[in-house]
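Commentary on secondary and tertiary structure
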Amino acid sequence: MQKIQIGFLGFGNIGNGVYKILQKHRNEIADKEDYQINIKKILVRDINKKRPVETDRSILTDNPDDILNDPEISIVAEFMGGENPALSYLLKALNNGKSVVTANKEVIARHWEKLDQAASASGAGLYYEASVCGGIPVIKAIQESLQANRIERIMGIINGTTNYILTKMSENNENFSDALKKAQELGYAEPDPTADVEGFDAAFKLSILSTLCFHKRVHLERILREGITNITLEDISYGKELGYALKLLAIAKDNEGKVEVRVHPTFIPQNHPLSSVRSSFNAVYLKGDCVGDMMFYGRGAGDLPTGSAIVSDILTACKKEHRYMKFGEKTINAVYNDDWQTKYYIRLTVKDQPGVLGEIAGYFGKHGVSIASVIQKGYGNTTAPLIFVTHEASEKSIQQAIAEIRKNPCVISVDNLIRVEE
Ligand code: NAP
Ligand code: HSE
């Protein structure tokens, strides 16, 4: 049996999960895979911190070179998070011929080419299943089981923290900050939860997924990104009245060579398959030209689900069979479509006086936006909420109409604009 020495960079939520799995399944892994995996060193910031799993303190270090320069360590597993110093440590590991397994979607999304080049140059492996959708093996499926397809469409709930928060807000009327606090306690959130609630985490993952699916480099900067911090219980409640559930969706479409990529809160019909994806669960829907519709569902965050993906990658790295997508000369940059068509929910607060509804409807008409339904409440007060749902319209037309609506003296505020997908 081959003994494999590995080093961990990080020992927080995910590091603890990986450690627990490697301890618990040590014998099965040895039996099934014929490898004895030994964690030789673990990099942390603070060696003296109390940790939830008991470990031999002598394997903890605060010096990255104890791992990156150790010739016995052949695999470096990174779950420290953030762009730097993680990037420089991963590059050093790859340059030194060590295969890298990472859960760090930010580093992959931003610096994929650099990491790929370093791996190519030294012949080391680069694996990142855990970076997208925690425990769901979606990257392996795209890379190893769907090669026969041209994938045209991705739609998914790919951030567990925001799905957990929106579920709590929608089902229990919990407020945003209480729900976020619980998601942090459960270990779903990023070290800085802004990454979750402002949609950065989902955008990193969408950049990775769409690059893999479309065989084109989809850059992070070209993804429309809106988080859930502007979502109120009021919007969720109006959505329910209209028959919708609210989700933070990641959407990517490749329409005849033009790529549309966006992450934003989205209303979907309550009977849509993604609307039943609750709590920290993730789901990714893909449409391939041969296979048709496919949906992947599972735990998208948390120590053991994510640990499951990491341990699988460690075992793949042990076999040195291959590595995930290589960037070669053939990798082209995506061409983008920023003027997609979808439906829109728009909530305004207006002066409650005759003629206002007609005036606002006029701006939509002027920009070719057709209205599907309107809700007006609180007649008889000085102000009233006014909610429009449009038929399909172009993003640019909607933005132009909203810019004019904002200037109307009867409009107190444009409170929210939420896209609707059916
Ligand atoms: P975490 O609990 O904050 O753990 C981070 C670990 O890295 C800690 O052990 C910390 O050391 C160590 N660390 C951070 N910066 C360091 C530095 N500069 N030098 C040395 N050690 C450093 O984070 P996490 O939730 O485990 O997430 C880690 C990574 O996994 C992130 O990239 C995240 O995106 C990814 N991920 C997380 C999940 C999830 O469900 N949480 C799922 C998929 C992927 P100390 O312990 O000493 O502070
Ligand atoms: N913070 C991330 C999430 C972890 O909530 O989905 C999984 O990548």
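Residues numbered from 1 in each chain as written. Chains lettered and ligands numbered in written order. Predicted model: local features only at pLDDT ≥ 70, side-chain atom pairs only at ≥ 80, totals over all residues. Heavy atoms only, no water.

Comments concerning the site of ligand 2
To keep things clear, this is the line we draw: Here a residue is near a molecule or strand as soon as one of its heavy atoms is found within 4 Å of it. Method for areas: the Shrake-Rupley scheme with a 1.4 Å probe, in which residue coverage is limited to the protein chains shown. What counts as a helix is a DSSP run of H or I of at least four residues, what counts as a strand is a run of E of at least two, and both are numbered from the N terminus.
Near ligand 2, the surroundings consist of Lys 105, Asn 159, Gly 160, Thr 161, Tyr 188, Ala 189, Glu 190, Asp 196, Asp 201, Lys 205, Gly 300 and Ala 301. Considered on its own, ligand 2 offers 250 Å² of accessible surface; in the complex 94% of this is hidden by protein. For the shell around ligand 2, the secondary structure elements donating two or more residues are helix H7 (160-172) and helix H10 (200-214).

Quick look at the site of ligand 1
The cut-off we apply is this: Polar contact is defined as a pair of N or O atoms within 3.5 Å, subject to the rule that within protein one atom must be able to donate a hydrogen and the other to accept it, and that residues adjacent in sequence are counted only when both atoms are side-chain atoms. Gly counts as polar in this scheme, as do all residues outside two lists: the nonpolar Ala, Val, Leu, Ile, Met, Phe, Trp, Tyr, Cys and Pro, and the charged Asp, Glu, Lys and Arg. All domain edges in this entry derive from an automatic or database-based domain assignment.
Around ligand 1, the structure places 27 residues, and the nearest of them are Phe 11, Lys 49, Arg 51, Glu 190 and Gly 302. Between ligand 1 and Gly 187, the relevant distance is 3.0 Å, taken from a nitrogen atom to a main-chain nitrogen or oxygen of the residue. Summarising the interface, the protein chains cover 89% of the accessible area of ligand 1, which totals 910 Å² for the free molecule. Considered class by class, the residues forming the shell around ligand 1 number 13 nonpolar, eight polar and six charged. Shared between two domains, the shell around ligand 1 takes at least three residues from each, and those domains are domain 1 (2-131) and domain 2 (150-299).

Remarks on empty space enclosed by the protein
Note the following rule: The way it works is a 1 Å grid over only the protein atoms, where trapped points that fit a 1.4 Å probe form a cavity and open points with protein on both sides within 12 Å along at least five of seven lines form a pocket, and then any residue with an atom within 4 Å of a point lines it. Grid points are joined across faces, edges and corners, and a volume is the space filled by probe spheres set on the points.
Enumeration according to the criterion identifies one cavity of 30 Å³ or more in this entry. Considering only enclosed or pocket space, the largest cavity measures out at about 50 Å³ in volume. Residue lining of the largest cavity: Leu 22, Arg 26, Ile 29, Tyr 35, Gln 36 and Ile 37, and that is the complete set. Sorting elements by how many residues they give to the lining of the largest cavity places strand E2 (residues 35-43) first, with three residues. Within the lining of the largest cavity, the residues separate by chemical class into four nonpolar, one polar and one charged.

A short note on the nonpolar core
The test is simple: Working definition of a nonpolar core: buried Ala, Val, Leu, Ile, Met, Phe, Trp, Tyr and Cys residues. They are joined through side-chain atoms within 4.5 Å. Burial classes: relative accessible area under 20% of the type maximum marks a residue as buried, over 50% as exposed, and values in between as partly exposed (1.4 Å probe, protein chains only). Contacts were defined at the residue level, with two residues in contact if any of their heavy atoms lie within 4.5 Å.
Membership of the largest hydrophobic core comes to 77 residues, with the highest contact counts inside it found for Leu 115, Val 138, Ile 208 and Leu 286. Ranked by residues supplied to this core, first place goes to H10 with nine residues. Non-local contacts of Leu 115, meaning those with residues more than four positions away in its chain, are made with Leu 87, Leu 90, Leu 91, Leu 94, Val 107, Ile 108 and Leu 126. Listed in part, the 32 residues of the second largest apolar core include Ile 37, Val 44, Ile 310 and Ile 314.

Concerning the pairing of strand E16 (residues 341-351)
Here is the rule we go by: By this definition, two strands are paired if DSSP reports at least two bridges between them.
Extensive coverage of E16 is indicated by the burial of eight of its eleven residues. Relative to strand E20 (residues 411-420), E16 runs antiparallel, the two being bridged by eight bridges. When the sheet's bridge partners are listed, Arg 347 is paired in E20 with Asn 416. As defined by bridge partners, E16 adjoins strand E18 (residues 383-390) across seven bridges and the pair is classed as antiparallel. Directly across from Arg 347, in E18, lies its bridge partner Ile 387.

Some remarks on the sheet that holds strand E5 (residues 99-102)
Test applied: What counts as an axis is a line fitted to C-alpha atoms, over the stretch in contact for a helix, and the angles between N-to-C directions run from 0 to 180 degrees.
Strand order in this open sheet of six strands is E3-E2-E1-E4-E5-E6, and the pairing throughout is parallel. The open sheet is flanked by strand E3 (60-61) and strand E6 (126-127), the only strands paired with a single partner. In this fold helix H12 (residues 303-319) packs onto strand E1 (2-9), E2, strand E4 (73-78), E5 and E6, with an angle of close to 115 degrees to the strand it touches most, E2.

Focus: the pattern of salt bridges
Heads up, the rule is: In what follows, salt bridge is the name for a side-chain nitrogen of Lys or Arg lying within 4 Å of a carboxyl oxygen of Asp or Glu.
Taken as a whole, this structure holds 28 salt bridges when the rule is applied. The shortest N-O distance in the salt bridge between Lys 181 and Glu 185 comes to 3.8 Å. You can see Lys 181 and its partner Glu 185 sitting in helix H8 (residues 176-185), four residues apart, about one turn around the helix. This pair shows no difference in class: Lys 181 is exposed, exactly as Glu 185 is. Of the charged contacts in the structure, one is a salt bridge between Arg 262 and Glu 260, with a shortest N-O distance of 2.8 Å. The same class applies to Arg 262 as to Glu 260, namely buried.

Comments concerning the side chain of Asn 408
Among the structural elements, Asn 408 can be located in the loop between helix H14 (395-407) and E20. For Asn 408, a relative accessible area of 5% translates into the label buried. One polar contact links Asn 408 to Tyr 363, side chain to side chain, over a distance of 2.9 Å. Among the polar contacts made by the side chain of Asn 408, one reaches the main-chain amide nitrogen of Cys 410 at a distance of 2.7 Å.

Some words on the packing of aromatic side chains
Test applied: Two rings belonging to Phe, Tyr or Trp (six-membered ring only in the last case) form a pair when the distance between their centres is within 6.5 Å. Interplanar angles under 30 degrees mark stacking, angles over 60 mark edge-to-face geometry, and anything in between is tilted. By definition, being over a ring means that NZ of Lys or CZ of Arg is both within 6 Å of the ring centre and within 35 degrees of the ring normal.
Scanning the entire structure with this criterion turns up nine aromatic pairs. Taking 5.7 Å as the distance between ring centres and 65 degrees as the angle between the ring planes, the aromatic pair formed by Tyr 164 and Tyr 188 counts as edge-to-face. Residue Tyr 164 is found in helix H7, and its partner Tyr 188 is found in the loop between H8 and helix H9 (194-197); the two are separated by 24 residues along the sequence. The two residues Tyr 164 and Tyr 188 agree in class, both being buried. Counting every residue linked through ring pairs, the aromatic cluster contains Phe 8, Phe 11, Tyr 19 and Phe 79. Sitting over the ring of Phe 200, Arg 225 keeps its end group 3.8 Å from the ring centre.

Side note on the domain arrangement of the protein
A common way to state how big an interface is: give the accessible area lost once the parts meet. Short version of the rule: The term buried area denotes the loss of accessible surface (1.4 Å probe radius) that occurs when two parts are joined, taken as the sum for both partners.
Per the domain assignment, the segments of the protein are domain 1 (2-131), domain 2 (150-299) and domain 3 (341-420). Relative to domain 3, the C-alpha centre of domain 2 lies at a distance of 25 Å. Contacts between domain 2 and domain 3 engage 17 residues on the former and 14 residues on the latter. Between domain 2 and domain 3, roughly 1400 Å² of surface is buried when both sides are summed, and carbon and sulfur atoms account for 56% of that area. At the boundary of domain 2 and domain 3, one finds three salt bridges. Inspection of the domain 2/domain 3 interface yields eight residue pairs in polar contact (both at pLDDT 80 or more). When contributions to the side of domain 2 that touches domain 3 are tallied by element, the ones reaching two or more residues are helix H11 (233-241), strand E10 (244-255) and strand E11 (258-269). With five residues, the top contributor of residues to the side of domain 2 that touches domain 3 is E11. The residue makeup of the side of domain 2 that touches domain 3, split by class, is eight nonpolar, four polar and five charged.

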